[in-house]
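Observations on chain architecture
What follows is each chain in one-letter form.
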Amino acid sequence: MPQPKYRKIAVIGYRSVGKSSLTIQFVEGQFVDSYDPTIENTFNKMVSVNGQDFNLQLVDTAGQVCMLYIALHYSFYLFTSVSLFEVVQVLHDKLLDMVGKIQVPTVLVGNKKDLHMERVIKPEEGKKLADSWGAAFMESSAKENETAVELFKRIILEMERADGNVASE
Ligand code: GDP
Ligand code: MG
């Protein structure tokens, strides 16, 4: 059995998009309805992808400190509305500036997909933006454990791909 690999993931996005809800759904397997939006927390979780164990350190960012983590960690982003769709582009530009790279392993996430009536961004639009970054795109609901798990596995695959450990899709 290979040794576990240590990986850091930062969950980045505007307030109230569901960063904490998705992180807690993944780590604890439950949907918490009201989580203090000012809390920034780090979680550890072991997950297995394609027979390899990954020891994850997850940073659920909140507020300004998020920029600091942007500079230090791999990332994934969330958005939930048109205006936040624009914010996420700004965040991504800042990230690339700060790390001085043209690409970092990223999954762009459209969360709250369960709120069908309030949908404003089509999946194709999210996919198009992610493609322009060379990133993956997924939609999720923090109410479903399955999509939360899929997201974090996807970011692992993106990191492995960046490290040259898995073939490009
Ligand atoms: P954060 O500020 O990005 O950490 O956002 P939170 O995780 O605290 O979520 C903000 C609000 O959106 C809370 O009331 C959550 O219950 C709610 N929320 C988060 N994710 C979802 C989701 O996928 N679906 C729905 N319907 N509500 C969600
Ligand atoms: Mg939060």
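These numbers come from a predicted model, not from an experiment.

**Overview of the site of ligand 1**
What surrounds ligand 1 is a group of 18 residues, the closest being Ser16, Lys19, Ser21, Asp114 and Ala142. Here an oxygen atom of ligand 1 sits 3.0 Å away from a polar atom, N or O, in the main chain of Asp33. A distance of 3.2 Å is found between a nitrogen atom of ligand 1 and a side-chain nitrogen or oxygen belonging to Asn111. Burial of ligand 1 by the protein amounts to 85% of the accessible area it has alone, namely 580 Å².

**Some words on the nonpolar core**
By size, the foremost hydrophobic cluster in this structure holds 23 residues, and its most contacted members are Ile9, Phe26, Leu56, Leu58, Phe152 and Ile156. If one sorts the elements of this core by residue count, helix H5 (residues 145-162) sits on top with 6 residues. Core analysis: the second largest hydrophobic core is formed by 19 residues, Ala10, Val17, Leu108 and Trp133 among them.

**Describing unusual backbone geometry**
Generally, phi is negative for residues other than glycine and the peptide bonds are trans, each holding for most cases. For Asn50, which is not a glycine, the phi torsion comes out positive at approximately 50 degrees. As for its placement among the helices and strands, Asn50 is situated in the loop between strand E2 (41-49) and strand E3 (52-60). The class of Asn50 is exposed, set by a relative accessible area of 68%. Positive phi is not limited to glycine here, since Lys112 has a value of about 65 degrees. Within the secondary structure layout, Lys112 lies in the loop between strand E5 (106-110) and helix H4 (123-133).

**Examining the packing of helix H3 (residues 82-99) against H4**
One way to put it is that H3 packs onto H4 with a least axis distance of 12 Å and a crossing angle of 10 degrees. Here H3 is positioned roughly parallel relative to H4, judged by the angle of their axes. When H3 is examined against H4, the residues Phe85, Val88, Gln89 and His92 are found in contact with a partner set consisting of Glu125, Gly126, Leu129 and Trp133. A per-class count over the contact of H3 with H4 returns 4 nonpolar, 3 polar and 1 charged.

**Re the packing of aromatic side chains**
Tallied over the full model, the rule gives 1 aromatic pair. It is Lys45 that lies over the ring of Phe26; its NZ or CZ is 5.5 Å from the centre.

**Notes on the environment of Pro123**
Following the sequence through the fold, Pro123 ends up in helix H4. With 85 residues separating them in the primary sequence, Pro123 and Thr38 have C-alpha atoms 29 Å apart. Residues within four places of Pro123 in sequence aside, it is in contact with Phe137 and Glu139.

**A short note on the pattern of salt bridges**
Here the structure, examined in full by the defined rule, presents 7 salt bridges. One salt bridge in this structure joins Asp131 and Lys127, with 3.0 Å as the shortest N-O distance. Of this pair, Asp131 and Lys127 both sit in helix H4, 4 residues apart, which is roughly one turn of the helix. Owing to a relative accessible area of 45%, Asp131 belongs among the partly exposed residues under this scheme. Of the residues examined, Lys127 reaches a relative accessible area of 42% and is grouped as partly exposed. With a shortest N-O distance of 2.7 Å, Arg161 and Glu158 are connected by a salt bridge. Of this pair, Arg161 and Glu158 both sit in helix H5, 3 residues apart, roughly one helical turn. Residue class for Arg161 comes out partly exposed when judged on its relative accessible area of 30%. Accessibility expressed as a relative area gives 5% for Glu158, which makes it buried.

**Some remarks on H3**
Its 18 residues give H3 an end-to-end C-alpha distance of 26 Å, which sits within 8% of 26 Å, the value for a rise of 1.5 Å per residue. For H3, the complete set of buried residues consists of Leu84, Phe85, Val88, Leu91, His92, Leu95 and Leu96. Mapping the buried residues of H3 onto a view down its axis gives an arc of 130 degrees, with all of them on the same face. Residues of H3 that are exposed and point more than 90 degrees away from the buried face comprise Glu86 and Asp97. Gly100 lies just past H3 and shows a positive phi near 65 degrees.

What counts, and where the lines are drawn
- Throughout, a residue's number is its position along its own chain's written sequence, starting from 1.
- Throughout, the order in which chains and ligands are written sets their labels, letters from A for the former and numbers from 1 for the latter.
- Per-residue local features are limited, in this predicted model, to residues with pLDDT of at least 70; the limit for side-chain atom pairs, both in listing and counting, is 80 or more; totals at the level of whole chains, interfaces and linings are taken over all residues.
- To obtain the side-chain values, all non-hydrogen atoms of the structure were included, while hydrogens and water were left out.
- Nearness is judged by heavy atoms alone; a residue qualifies as near a molecule or strand once a single heavy atom is within 4 Å of it.
- For this analysis, a polar contact is any N or O atom pair within 3.5 Å, provided that within protein one partner can donate a hydrogen and the other can accept it, and provided that sequence-adjacent residues contribute only side-chain to side-chain pairs.
- Computed with the Shrake-Rupley method and a 1.4 Å probe, the accessible areas treat only the protein chains shown as cover for residues.
- Only buried residues count toward a nonpolar core. Its members are Ala, Val, Leu, Ile, Met, Phe, Trp, Tyr and Cys residues joined through side-chain atoms within 4.5 Å.
- We call a residue buried when its accessible area falls under 20% of the maximum for its residue type, exposed when it is over 50%, and partly exposed in between, using a 1.4 Å probe and counting protein chains only.
- Strands are runs of DSSP state E lasting at least 2 residues, helices are runs of H or I lasting at least 4, and numbering of each runs from the N terminus.
- Angles shown run from 0 to 180 degrees and are taken between the N-to-C directions of axes, each axis being a line fitted to C-alpha atoms and, for helices, limited to the stretch in contact.
- The labels follow the angle: roughly parallel below 35 degrees, roughly antiparallel above 145, roughly perpendicular from 65 to 115, and oblique for the rest.
- Throughout, a contact is declared for two residues whenever any of their heavy atoms are within 4.5 Å.
- Gly is placed with the polar residues, together with every amino acid not listed as nonpolar (Ala, Val, Leu, Ile, Met, Phe, Trp, Tyr, Cys and Pro) or charged (Asp, Glu, Lys and Arg).
- Planes of paired rings set the category: under 30 degrees apart is stacked, over 60 is edge-to-face and the rest tilted, where pairs are Phe, Tyr or Trp rings (Trp by its six-membered ring) whose centres lie within 6.5 Å.
- Placement of a charge over a ring requires the Lys NZ or Arg CZ to be within 6 Å of the ring centre, with the centre-to-atom vector within 35 degrees of the ring normal.
- Think of a salt bridge as a Lys or Arg side-chain nitrogen and an Asp or Glu carboxyl oxygen that are within 4 Å of each other.
- To estimate how far a helix should extend, the number of its residues minus one is multiplied by 1.5 Å.
- Each C-beta atom gives one direction from the helix axis, and the arc is the one those directions make.

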